[in-house]
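Structural overview for review
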Amino acid sequence: MRPTHVAIVTLLALAGCNSASPNLEPLPGSLTYGETGPMRKTIAAPGTMIQNRFMHQGTMVFETYEVQPDHTYKLLRRTVADTWSN
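One structure accompanies this document, and this report is about it. As the structure is a prediction and not an experimental result, all values here were calculated from the model.

Among the nonpolar cores identified, the biggest contains seven residues, and these are Leu 31, Ala 44, Ile 50, Tyr 65, Val 67, Tyr 73 and Leu 75. Elements that contribute at least two residues to this core include exactly strand 2 (59–67) and strand 3 (73–81). Excluding anything up to four places from it in sequence, Leu 75 contacts Leu 24, Glu 25, Glu 63, Thr 64 and Tyr 65.

Take the environment of Leu 24 next. The residue Leu 24 is located in the loop between helix 1 (3–15) and strand 1 (49–56) in this model. The exposure class assigned to Leu 24 is partly exposed, which follows from its relative accessible area of 22%. Taking C-alpha positions, Leu 24 is 9.4 Å from Lys 74, a pair spaced 50 residues apart along the chain. Not counting chain neighbours up to four residues away, the residues in contact with Leu 24 comprise Leu 75, Leu 76, Arg 77 and Arg 78.

Rules and cut-offs
- Residues numbered from 1 in each chain as written.
- Predicted model: local features only at pLDDT ≥ 70, side-chain atom pairs only at ≥ 80, totals over all residues.
- Heavy atoms only, no water.
- Core = buried A, V, L, I, M, F, W, Y, C linked by side-chain atoms within 4.5 Å.
- Buried < 20%, exposed > 50% of the residue type's maximum accessible area, 1.4 Å probe, protein only.
- Helix = DSSP H or I, 4+ residues; strand = E, 2+ residues; numbered from the N terminus.
- Contact = heavy atoms within 4.5 Å.

Written as structure tokens, this is what we have:
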């Protein structure tokens, strides 16, 4: 392969990567579920990561929030475990 082809293939592969997190909607049990606007405030320092776990429709949900400069929570990521053992 010619160097230009390698460069193009590499750029196309990297273009598929997306570092931006999707805009997650809160589920029942989420820390921010049912809130309109920045209702929840915390005294935690901005940048602090908050973990939350709860059951939703028979699966264990793990969420990570980041405390924002105005002391509200921002949902960063969510993972779901299909099986959960105590």
